[in-house]
Structures are given as C-alpha cells and as structure tokens.
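# Examining the three-dimensional arrangement
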Amino acid sequence: MSDPFYITTAISYPNGRPHIGHAYEAIAADVIARFQRLRGREVRFQTGTDEHGLKMLRKAEEQGRTPHELADEMSSYFKEMCDGLNISYDRFIRTVDDDHHRASQALWQAMEANGDLYLDRYEGWYSVRDEAFYDESELVDGEGGEKTSPQGTPVEWTVEESWFFRLSKYQDKLLALFNQHPEFLKPDSRRNEMIAFVSGGLRDLSVSRTSFDWGVKVPGSANHVMYVWVDALTNYLTGLGYPDKTDMMAKFWPADIHLIGKDIVRFHSIYWPAFLMSAGLPLPKQVFGHGFLLNRGEKESKSLGNVTDPMELAGKYGVDPLRYFLMREVAFGQDGSYSPEAIVTRANAELANSFGNLAQRTLSMIFKNMDGEIKRTSTSDEADDVLQRTVRGGIDELVSSFEKLSFSEGLDAWIRAVFACNQYVDDQAPWALRKTDPDRMDAVLMTLFRCVRDLAIAVRCVVPASADRMLDQMGMPAEARDFAAMDDAEWFNNLATSGFVLGKPEGIFPRLELPESEP
Ligand code: ME8
C-alpha cells in the first residue's frame, strides 16, 4: 500500500471524564481515517491524553492524590470511550509515556540549538483552565468585575524564572504561511482570526515553569518543567518515533490533518508551526478547527447540570446512530446542537426508515422470492441504468464532500441516493412481478442488490459496524469493501458464481424510541 495519510485528534485533558465534545472529535477523526482507508490509503491515526500541566496537578490536589494516579484513572475512561465508539486509532498516546518525554526533550534541544530559547523572568497572566498565557490587553471584564481571559476563565498573576521561545522571530514566516498556504488552516474564518492575531504582533512565549514539577523536565535545567503545550504538541511526533529517523517518520510526517476544536487553534496554527520551523521539521499540511457541540444550544457545564456522558448516549441510542447523527446533523466546522429527540428523529428517518428499510425490503425479497440466489440477469430497462447512475453519482458526491470534510453535505448526497432506490422499489413493485414477469423481478432485485452494496460500502466509514453486518449478510468478502472494490466490474459475477446463498436477513437499524424519562 502507498499514499500514506496521518491524522491526529487533540489529546484530551484527563482531569475529568470524557464529554460529548471529546466523543465528537474522536468520531469525526475516525470517519476521516476510515474514509481514507476506503480510498486505499495507508492511514495512521493517533489520539490520546494530555496529562501534564497545572490543571491536572490542581485537580489531583483537590482529590488528595498524585497527578499520575488521576491521569491513570481518567485516561482509561478516554481509551474506553474510543474503544466503545469504534474509533480505529493506531496509537493511544499518553504524555506520561517514556518515549514522549524523550521526544519532547529532543524537540526542545533542536529549538535550543537553533538559538530560539533563552532564560528570563515571566511576569504576567496565566489561565490554568486554558493552560495559556495572556497579555493584559487580551483580558476582559468578568461578571463580578474581575479580569478574565477572553474565554471567560479565571487568570492569575504569575511571576517566575522561565525559558522563553523566540516566537516574535516567526511573525513574518507565519503570515507567509497563512497567505501562501490557505489550506494550512481551515475553515477560513479561523484563518482570518489568526492572521489578525499575528499581525497584531507576537511576543516571545514563556515555555517552562519552575513553581511545580509535574511535567517533562527541561534538558539541562533541572528545576524547570516544560510549559504543558510544548510537550502536548510534540505528541504528534512522538507517535512516529521522533527523534529517531524511523520509517514511520519518513512515511507519515508531515501530518495530513491535525483535527482540533476551535478553542485551541492558536496553539496549533501559531505555536506549533513556529516550534517546527525552529526545529527544522516540515509543517503539517492542515490544521482543521471544528466547531463546538452544544446541548440543546447550550454549552455543557457542571453548574447547569447538563453534562452528558457520551457512552450513555451511545448505550441508549447505539454507537452507529450516534456517529451518523453527529456527522449528518452538524455542518462540520460550525457549532452544532444535539438532543436525544434530534438523534432519534434523524436516525429513524434516515437509517431505520430509509436505508435500513431499503436493505431489508431488498434482501427479504431476494431471500423469499429468489431462494436467496444471486443471479446474473440481463437488464434492458432504462430505469435500472438510471438508478445505478444516480447511486454512483450520489456516492461520487459523498467522496468529493468527505475529501473537503463536508460530512453533512456528503451524507445528504448519500441519503438522496437511498431515497432514489426506495422510489425505484415503489415504481417497479417487484412483488407484483413475481407472477407476471419473474425475469423482470430478478433484474429489479439484482439492480437493488448492487445499489445496496455500494451504498453500504460508501457509508462504512460513518457506521462501520452496521455497514459490515449488512455486507456480511450480503456475502461480501472483507477485502471487497472499499471504493476500489466498488469499481471492480467483476464482483457481481464472482458473487453470483461463488455459490453464496443469502440467508434470512436481519434488520440492521432498529427504530429508536425516546426513553420514558426524556422530555
Ligand atoms: O484542549 N464540542 O484538551 P481538552 C466540540 N489538552 N469539541 C470540544 C468541545 C465541545 N463542546 N469541548 C472541547 C485540550 N472540545 C488540550 C489539547 S492537543 C496537543 C492538546 C475539543 O480535553 C477541544 O477543542 O480541553 C479539543 O480539540 C478537544 O476537545 C480536547 O479538549
């Protein structure tokens, strides 16, 4: 296999349990990873947890335990969430991993060798919640009249000896990057914000702390630990074996996409490329800042009591319906809202009543009326060709939309192809042909069989377990489930002559109901 593709998610702070935003990002990244595999690319996919920094330390102190203990427990819930949501990661990285400390120190030394680090004193504002330094000019007035970060998080005055990174040196290079490579930061609205920020002038960045020791040790400065974002960003290299010149580094660096949320675009599109330029490493091809997911239009928070456990949602409504909903409902890049009603409505309308029903009708008729036999039929009817062209057209649109990460648009094209198939079933009424024209009935059902297979392959990256159960029933070999297999003109004849007989089909997408307790 060739044409490597490397995708990463942000690594989450395991200072609490995963929330729906974490699930959303993991699912979107997984859809991209699976989509690229369906396209025949060799994919590496990394996710994990970001375990250093003051935020973790303070949370652990609150609970009377060590940050390592807190990280061990909480990180396991993030991994469980990924496994439960069928996230096909290749590495789940933890920043306490030994190889990560080594990679972070190597990156540090490369920046130091380039003359970009110097020792000084930091005096300024710090937000522990954001793990970010802010200029006085960026602060806003909070509800109680106190100064807060632009995100509304508390800030504290911090004075300590610190290593600094010469970020100011990279201002022009970063502007050139944004201007010459508009694809580097998407969506465009985020790029405009960053151009404005950089144009306003960049100050050198404090990159180490001396007031606590929960972090990666600064090489040669025993009382300093790295600023958590320096080590966190390095995780993308650690997973490829950096600093060693590994095959993985050669194959997968630079990354194709760092998928992150809109609140951490600054770290990924300003700090990270500057660190990489300093260390002489190529820059990622794209940083994509997705929107936030809101609970019935509101931000989830402990005080509002509306924090949702994503695994509870997956347990109630099913992993694949949840994955489908999130990719279908929200225009990727923008904020979106979810509620149990919206999940149930969307999954029932499109998965149960449309695609599930199409597959169930098609396969049951083949099972009952053709004894499950897959037959080579000759078709002379224009309607069959029209349908197959419509389905291929819909799938092509899904592919071009997914390449741009326009998932909702791609699934819209896909569901329109499903609707066209259901319309064809109604128009052709194969059940009525059984007595009058059985050859025609066979041709209609075989046309549908082909379309259902193609639609199932196309949506496999979104609803992998369900699509695979459907393709299992249809006798599709595991290796014949990607876009290349879809283009293989011989697949149908091979299946028809393989002796495969369709068994009694089982419904794939049950109709969902809202639990009694939901409003
Ligand atoms: O930021 N909707 O970790 P994190 C969608 N450790 N996405 C959301 C969201 C929401 N409601 N809330 C958060 C961190 N996210 C750092 C990252 S990467 C080197 C270090 C997204 O646990 C958020 O934007 O606060 C981020 O991409 C990811 O979840 C992890 O957030």
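Residues numbered from 1 in each chain as written. Predicted model: local features only at pLDDT ≥ 70, side-chain atom pairs only at ≥ 80, totals over all residues.

Annotation of the protein at the domain level lists domain 1 (4-116 + 166-291) and domain 2 (340-498). Summarising the inter-unit geometry, the C-alpha centres of domain 1 and domain 2 are found 40 Å apart. Counting residues at the interface gives 9 residues for domain 1, matched by 11 residues for domain 2. Top contributing element to the side of domain 1 that touches domain 2 by residue count: helix α1 (residues 20-38), with 5 residues. (Domains from an automatic or database assignment. Contact = placed C-beta atoms within 7 Å. Helix = DSSP H or I, 4+ residues; strand = E, 2+ residues; numbered from the N terminus.)

A few words now on the nonpolar core. Core analysis: the largest hydrophobic core is formed by 142 residues, its most contacted members being I7, W414 and L455. In terms of residues, this core owes the most to one element, helix α16 (residues 438-458), which gives 13 residues. When residues are assigned to domains, this core turns out to be shared by domain 1 (4-116 + 166-291) and domain 2 (340-498), each giving three or more. With sequence-adjacent residues up to four places away left out, W414 is seen in contact with G394, I395, L398, L455, A458 and V459. Core analysis: the second largest hydrophobic core is formed by 5 residues, A132, F133, Y134 and V155 among them. (Core = buried A, V, L, I, M, F, W, Y, C linked by C-beta atoms within 7 Å. Buried ≥ 20, exposed ≤ 12 C-beta atoms within 10 Å, placed from the backbone.)

Moving on to the site of the ligand. A10, S12, G21, D50 and G261 are the nearest of the 18 residues found near the ligand. Only β1 (4-12), α1, α7 (228-238) and β14 (257-261) provide two or more residues apiece to the shell around the ligand. With 4 residues, α1 is the single largest residue contributor to the shell around the ligand. Across the shell around the ligand, the residue classes tally to 10 nonpolar, 5 polar and 3 charged. (Near = placed C-beta within 6 Å. Nonpolar A, V, L, I, M, F, W, Y, C, P; charged D, E, K, R; others polar.)

The subject of this paragraph is the sheet that holds strand β11 (residues 208-209). Across a sheet, strands are paired by hydrogen bonds formed along the backbone, either parallel or antiparallel in direction. Pairing is antiparallel in the open sheet, where 3 strands are placed in the order β11-β13-β12. The outermost strands of the open sheet, each flanked by one partner alone, are β11 and β12 (217-218). By the bridge criterion, 2 bridges tie β11 to strand β13 (residues 221-226) in an arrangement that is antiparallel. Bridge pairing in β13 links R209 to V225. (Pairing = 2+ DSSP bridges.)

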